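Listed here are the chains, written in short residue letters.
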Amino acid sequence: MKTFRNFIGGEWVAPAGGEYFENRNPARWSEVIGRFPDSDARDVERAVRSAQRGFEIWSRTPAPIRGEVIRKAGDLLVARKKEIARAMTREMGKVLTEALGDVQEGIDTAYYAASEGRRLFGRTVPSELRNKWAMTYRRPIGVCGIITPFNFPMAIPTWKIFPALVCGNSVIFKPAEDVPHTATLLVEILLEAGLPPEVIQLVHGRGETAGRAIVEHPAIPVISFTGSTETGAIIGETCGRMHKRLSLEMGGKNAQIVMPDADLELALEGVLWGAFGTTGQRCTATSRLILHRQIHDKFVKMVCDAAEKLKLGDGLKPGTDVGPLINRAAREKVEYYVEVGRKEGAVLEIGGAVPKSAALKDGWFYKPTVFTGVKPGTRIEQEEIFGPVLSVIRVSSLEEAIKVNNGVRYGLSSSIYTRDLASAFKAMEALENGITYINAPTIGAEAHLPFGGVKQTGNGHREGGWQVYDFYTETKAIYADYSGKLQRAQIDTYE
Ligand code: ADP
């Protein structure tokens, strides 16, 4: 069995405590991918010292040159796309086509970030005083702690790490325990691309130990986290107390609305992809389907008939539609919520069970599941399940559909299928989400647009696109006075 290492202080090293954890294939749990360091605060301490040295070098490297390193990383991701996607499917379970898309998102992010190295705009504005210039520019901040979840092993780390690096920061990366191999490949690629070694540190390990040590370390002023709302709350408390800059990307309870005038075949493709793609383990997964009563019965039948035909299996096997859940706890959570749904009086239309087939019994598979008759306010309608479970809610109008969509504590993504322009625009304005799709499923964010949610999904920051560059830089205002005399703002001009 292969033993992997942390990358700290410019070299691949064993964890201080000598402890390791196993990374296994969720489609075939008996298959061990490797042993990875179960790091602790001592490893984080070493990583911080190294990242501080890295920051000294990197923050003084011109931004266009920093961008060139990220462009090279993008090129290497292109060259190794298939190999990385296969490694990702093996440890995470998503079907290969989706894993290829995940790597592609890293590539897109790399090229966008590389070009940002030649922008990183500041502003020049007129001063209110004569013979004086006023302008802003961006400064790097320092060591960034990057803590990521299992569901997008390449896309999410690259969304965070590439912009952080282009902005001149150094990085300590703590990937999710379930996907340490893809993380290792990403760090290898950054090093091969020419990133000075001490600019990146890879610290494997558990959230409560390695993750926590990063969040609590006083010399890490920036934390970017994607994961559960519960963990986000713990991290938020610490960062609030320590006055750290924090970007949180957390849960969702995303809905697809289907209006009577929608193209139902299109809406069907959308909901199958949105609800059961990545086995429902996307932050943007469709977990609620809000149907207008006029098409409710017909569309439910279409969804159930099609969802029952989805083929479960190893994501590396051609023809597989839906892979396994990530681990035992994830499947137990789904089983728990299916029981909750039953007790709440929802009607289980299909699924609601672990598949019986012998070929699937060694993996964390669960049948695509559809509940109808789900009432707004019930737990399966309100709480994030993070699995292949779709709750159908029947409504009588667009206004009611919007109300149901907005009646949850999360606000990441939403979708509406309609051919009516007015309905589409009304929904666009009224849906309380960071992302709304019109005639497309709740999933499918593109790397050059801001990504994030409102309410308890996030804390106001956005990833991706141009906005994330604000998060990873401090804006400094410069006033250059060449008048040769004391000029008093707010006073001299108005005397
Ligand atoms: P998920 O349900 O998506 O696995 P988690 O919030 O449990 O979400 O995990 C997301 C990431 O946060 C993982 O890398 C995990 O190790 C890390 N993590 C979990 N708990 C903590 C914590 N208390 N402090 C810092 N990081 C944590």
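Here is what the cut-offs are and how they apply
Within every chain, residues take consecutive numbers counted from 1 along the sequence as written. In keeping with the predicted nature of the model, local features appear solely for residues at pLDDT of at least 70, side-chain atom pairs appear and are counted solely at 80 or more, and the whole-chain, interface and lining totals rest on all residues. Hydrogens and water are ignored here; the side-chain numbers use all heavy atoms of the structure. Secondary structure elements follow DSSP: runs of H or I no shorter than four residues count as helices, runs of E no shorter than two count as strands, and numbering proceeds from the N terminus. Between the two quantities, the radius of gyration covers C-alpha atoms and the globule rule is 2.2 Å times the number of residues to the power 0.38. The buried label applies to any residue whose accessible area, calculated with a 1.4 Å probe on protein chains only, is under 20% of its type's maximum; exposed applies above 50%, and partly exposed to all values in between. Pairs of residues are marked as contacts when any of their non-hydrogen atoms sit within 4.5 Å. Using the Shrake-Rupley algorithm and a 1.4 Å probe, accessible areas are obtained, with residue cover drawn only from the displayed protein chains. Counted charges follow a simple rule, with Lys and Arg positive, Asp and Glu negative, and His plus the chain ends left uncounted. Each charge is placed at NZ for Lys, CZ for Arg, CG for Asp and CD for Glu. Here a residue is near a molecule or strand as soon as one of its heavy atoms is found within 4 Å of it. Under the rule applied, a polar contact is a pair of N or O atoms within 3.5 Å (in protein, one hydrogen donor and one hydrogen acceptor; residues adjacent in sequence only if both atoms are side-chain atoms). Both cavities and pockets are sets of points on a 1 Å grid over the protein atoms alone; in a cavity a 1.4 Å probe fits but cannot get out, in a pocket the set is open with protein on both sides within 12 Å along at least five of seven lines, and lining residues sit with an atom within 4 Å of a point. Each molecule is assigned to a cavity or pocket provided more than half of its atoms lie within 2 Å of the corresponding grid points. Residue polarity follows a fixed list, in which Ala, Val, Leu, Ile, Met, Phe, Trp, Tyr, Cys and Pro are nonpolar, Asp, Glu, Lys and Arg are charged, and the others, Gly among them, are polar. Two strands are counted as paired when DSSP detects at least two bridges linking them. Look down the strands so they point away from you; if going from the first strand over the helix to the second traces a clockwise path, that crossover is right-handed. Grid points are joined across faces, edges and corners, and a volume is the space filled by probe spheres set on the points. Only residues whose relative accessible area exceeds 30% and that form no salt bridge are eligible for patches; like-charged ones are grouped when within 9 Å, while nonpolar side chains (Val, Leu, Ile, Met, Phe, Trp, Tyr) are grouped when within 5 Å. Whenever a carboxyl oxygen of Asp or Glu lies within 4 Å of a side-chain nitrogen of Lys or Arg, that contact is scored as a salt bridge. Domain borders in the structure are assigned automatically or taken from a domain database. Lines fitted to the C-alpha atoms define the axes, with helices restricted to the stretch that makes contact. Angles between their N-to-C directions range from 0 to 180 degrees. With respect to orientation, any angle under 35 degrees is reported as roughly parallel, any angle over 145 as roughly antiparallel, any angle of 65 to 115 as roughly perpendicular, and every other angle as oblique. Buried area is understood as the total, over both parts, of accessible area removed when two parts are fitted together, assessed with a 1.4 Å probe.

A. Quick look at the overall build of the chain. The number of helices and strands found in the chain is 15 helices and 21 strands. Taken over C-alpha atoms, the radius of gyration comes to 24 Å for the chain, in line with the 23 Å a tight globule of 495 residues would show. If one aligns the C-alpha atoms of the chain with their principal axes, the spans along those axes are about 80 × 65 × 40 Å. Counting all 495 residues of the chain, 57% fall into the buried class. Sequence separation of at least 24 residues holds for 73% of the intrachain contacts in the chain that already meet a minimum separation of 6. Accessible surface computed for the chain: about 20500 Å², of which carbon and sulfur atoms make up 53%. Taken together, the 62 basic and 59 acidic charged side chains of the chain have centroids lying 2 Å from each other.

B. Region of the structure containing the site of the ligand. Contacts to the ligand come from 17 residues, most closely from T148, K174, E177, S228 and T231. One of the side-chain nitrogen or oxygen atoms of K174 is found 2.6 Å away from an oxygen atom of the ligand. Between the ligand and S228 there is a distance of 2.9 Å, counted from an oxygen atom to a side-chain nitrogen or oxygen. Compared with its free state, where it exposes 560 Å², the ligand has 80% of that area covered by protein. When atom positions are compared with the pocket grids, the ligand is found to occupy the largest pocket. The dominant element in the shell around the ligand, judged by the number of residues it contributes, is helix α7 (residues 207-216), at 4 residues. Here the residues of the shell around the ligand are counted per class, giving 7 nonpolar, 7 polar and 3 charged.

C. Just the environment of S115, in detail. Tracing the sequence through the fold places S115 in helix α4 (residues 96-116). The exposure class of S115 is partly exposed, given its relative accessible area of 31%. Taking C-alpha positions, S115 is 22 Å from M135, a pair spaced 20 residues apart along the chain.

D. Up close: the pairing of strand β12 (residues 254-258). Across the 5 residues of β12, 5 count as buried, placing the element largely inside the fold. Alternating positions in β12 separate into two faces, N254, Q256 and V258 on one and A255 and I257 on the other, with burial throughout. Inspection of the sheet shows β12 paired to strand β13 (residues 286-292) by 5 bridges, in the parallel sense. For A255, the partnering residue across the bridge sits in β13 and is R288. In this fold, the crossover linking β12 to β13 by way of helix α9 (residues 264-276) has right-handed handedness.

E. Main features of empty space enclosed by the protein. A full pass over the atoms with the stated rule returns 2 cavities of 30 Å³ or more. Lining the largest cavity are 13 residues; nearest its centre among them are G280, A285, S287, E384 and F386. Counting only elements with at least two residues in the lining of the second largest cavity, the list comes to α4, α5 (155-166) and α15 (468-471). Residues of the lining of the second largest cavity, tallied by class, amount to 6 nonpolar, 3 polar and no charged.

F. Summary view of a nonpolar patch on the surface. A surface patch of nonpolar side chains, amounting to about 380 Å² of accessible area, comprises L421, F425, M428 and I438. The leading source of residues in the nonpolar patch is helix α14 (residues 421-430), at 3 residues. Of note, L421 is situated in helix α14. When its relative accessible area of 61% is taken as the criterion, L421 is described as exposed.

G. Focus on the layout of surface pockets. For the largest pocket, the calculated volume is near 1000 Å³. Surrounding the largest pocket, 41 residues form its lining, P149, F225, G227, S228 and T231 being those nearest its centre. At the level of elements, α7, β10 (222-226), α8 (229-242) and α11 (328-343) are the ones that each hand at least two residues to the lining of the largest pocket. Among the residues forming the lining of the largest pocket, the class breakdown is 17 nonpolar, 12 polar and 12 charged. If you count residues domain by domain, the lining of the largest pocket takes at least three from each of domain 1 (6-250 + 458-477) and domain 2 (254-438). Looking at the second largest pocket, its volume works out to about 380 Å³. Elements with a contribution of two residues or more to the lining of the second largest pocket: α4 and α5.

H. Highlighting the packing of helix α2 (residues 63-79) against α5. Two elements in contact, α2 and α5, have axes separated by 8 Å at closest approach and are oriented at 150 degrees. Between α2 and α5, the crossing angle belongs to the class labelled roughly antiparallel. In this structure, α2 contributes A63, R66, G67, I70, A73 and L77 to the contact, and α5 contributes F162, L165 and V166. For the contact of α2 with α5, the residue count by class is 7 nonpolar, 1 polar and 1 charged.

I. Local environment of the domain arrangement of the chain. Domain annotation for the chain reports domain 1 (6-250 + 458-477) and domain 2 (254-438). Counting from both sides, the interface comprises 23 residues of domain 1 and, opposite them, 26 residues of domain 2. Taking both partners together, domain 1 and domain 2 bury about 2100 Å²; carbon and sulfur atoms supply 58% of that area. Where domain 1 packs against domain 2, one counts 2 salt bridges. With a shortest N-O distance of 3.8 Å, E230 and R409 are connected by a salt bridge. The tally of links between domain 1 and domain 2 comes to 8 residue pairs in polar contact (both at pLDDT 80 or more). Secondary structure elements with two or more residues in the side of domain 1 that touches domain 2: β4 (28-37), α3 (81-92), α4 and α8. It is α3 that contributes the most residues to the side of domain 1 that touches domain 2, 4 residues altogether.

J. Structural context of the environment of V370. By the element assignment, V370 lies in strand β15 (residues 369-372). For V370, a relative accessible area of 1% translates into the label buried. For the pair V370 and E349, spaced 21 residues apart in the sequence, the C-alpha separation amounts to 5.5 Å. Apart from the residues within four sequence positions on either side, V370 is in contact with F276, V303, C304, V347, L348, E349, I350, L390 and V392.

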